[in-house]
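Summary of the model geometry
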Amino acid sequence: MIYSNNKKLIILDADGTTIDAYNAIEKAFVYHGMDLGDEESFQKRHNIFKYLGGLKQFPSNLRKNISKSNRKQIVDTLTEVYRNEAALYSGIPEFIRTLMAAPDVIVGLITRNITNEPLETLRQLFARHDINIAEFDFLIHVPLEEKKTPHFRAVREQFGVNPARAGVCGDENKDYVAAINTGMHPFMVSYGFENFLRLTKKFDIPEEIISKTPGELRERVFHSLEIPTV
């Protein structure tokens, strides 16, 4: 296939890749008298149990999370925490602003954020870090029941980008699979929802593509996109 441009594409993830989601979720849990457990244990858990705590926290958290009304209250609180307190990881605001300013680089966000009116939530969160999400080339919220794969492919095809010049930043195996299945390079991180051992041992993700810090992610992406660093 012949591509009509030489543009590059980078797809960002929100929770656990650019946003410090663990600390935001923990604050919401504490407000409701719940215990998320330590971050290392949180990263090791299977997605089904991610928000119910470990063996120690599970019974109490389940009781407080069992009714539809309780779950709504938790999401309401999480939304307020995200909009008013949650933070991007250190160095990520500058990382994103540099990407947005880079010529011939298409950059945007594809997320499964679970707060109320997630795009408004993200607008407020990013605005506190001097980033206007309206300036992204694309911004897509994916419902929990949908996979990211078709959305990744649709964005790449929309902008006519060669998959060899496209990358996806993510912190979960699902991000890795979706990137691979759409022919794009996965820039994985191990400081988010899944840690280094889980990514490499449980899912056999090559350690060579995993960044252990936001700073390392920044360097990998900038080098790949040929963006000069100071």
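See the structure shown above.
Residues numbered from 1 in each chain as written. Predicted model: local features only at pLDDT ≥ 70, side-chain atom pairs only at ≥ 80, totals over all residues. Heavy atoms only, no water.

Here we come to the pairing of strand 4 (residues 166-170). Burial analysis of strand 4 places five of its five residues in the buried class, which makes it a mostly covered element. Direction of pairing for strand 1 (residues 8-12) relative to strand 4: parallel, over a ladder of three bridges. Its bridge partner being in strand 4, Leu9 is matched across the sheet by Ala166. Handedness of the β-α-β unit built from strand 4, helix 8 (residues 173-181) and strand 5 (residues 185-189) comes out right-handed. (Buried < 20%, exposed > 50% of the residue type's maximum accessible area, 1.4 Å probe, protein only. Helix = DSSP H or I, 4+ residues; strand = E, 2+ residues; numbered from the N terminus. Pairing = 2+ DSSP bridges. Right-handed = clockwise from strand over helix to strand, strands pointing away.)

In any sheet, the strands associate via hydrogen bonds between backbone groups, in a parallel or an antiparallel arrangement. Taken together, six strands build an open sheet; the order of strands is 3-2-1-4-5-6 and the sheet is parallel. Edge positions in the open sheet fall to strand 3 (138-141) and strand 6 (210-211), since each of these has one partner strand only. Contacts from helix 5 (residues 92-101) reach strand 1 and strand 2 (105-111), with the element oriented near 150 degrees to strand 1. (Contact = heavy atoms within 4.5 Å. Axes fitted to C-alpha atoms, helices over the stretch in contact; angles between N-to-C directions.)

What follows concerns the nonpolar core. Judged by nonpolar contacts, the single largest core of 44 residues is most densely connected at Ile10, Leu12, Phe95, Leu99, Phe126 and Val221. Among the elements of the structure, strand 1, helix 1 (21-31), helix 4 (68-84), helix 5, strand 2, helix 6 (118-127), strand 5 and helix 10 (214-225) are those that each provide at least two residues to this core. Ranked by residue count, the leading element in this core is helix 1, at six residues. Setting aside residues no more than four positions away along its own chain, Phe95 makes contact with Leu12, Leu217, Arg218, Val221 and Phe222. One finds Ile11, Val142, Ala166 and Val168 within the second-largest nonpolar core, a separate group that totals 15 residues. (Core = buried A, V, L, I, M, F, W, Y, C linked by side-chain atoms within 4.5 Å.)

On to unusual backbone geometry. The phi angle at Asp104 is positive, at roughly 65 degrees, despite the residue not being glycine. The residue Asp104 is located in the loop between helix 5 and strand 2 in this model. The phi torsion at Asp130 lies on the positive side, around 60 degrees, for a residue other than glycine. With respect to the helices and strands, the residue Asp130 is situated in the loop between helix 6 and strand 3.

As a further point, take the packing of aromatic side chains. Scanning the entire structure with this criterion turns up four aromatic pairs. Ring geometry for Phe126 and Phe136: centres 6.2 Å apart, planes at 80 degrees, overall edge-to-face. Of the two residues, Phe126 sits in helix 6 while Phe136 sits in the loop between helix 6 and strand 3, which places them ten residues apart along the sequence. Ring geometry for Phe138 and Phe159: centres 6.1 Å apart, planes at 45 degrees, overall tilted. Within this pair, whereas Phe138 is found in strand 3, its partner Phe159 is found in the loop between helix 7 (149-158) and strand 4, the two being separated by 21 residues in sequence. Using a relative accessible area of 22% as the deciding quantity, one classes Phe159 as partly exposed. Looking at Lys212, its charged tip hangs above the ring of Phe196, at a distance of 4.4 Å from the centre. (Phe/Tyr/Trp six-rings, centres within 6.5 Å; stacked < 30°, edge-to-face > 60°. Lys NZ or Arg CZ within 6 Å of the ring centre and 35° of its normal.)

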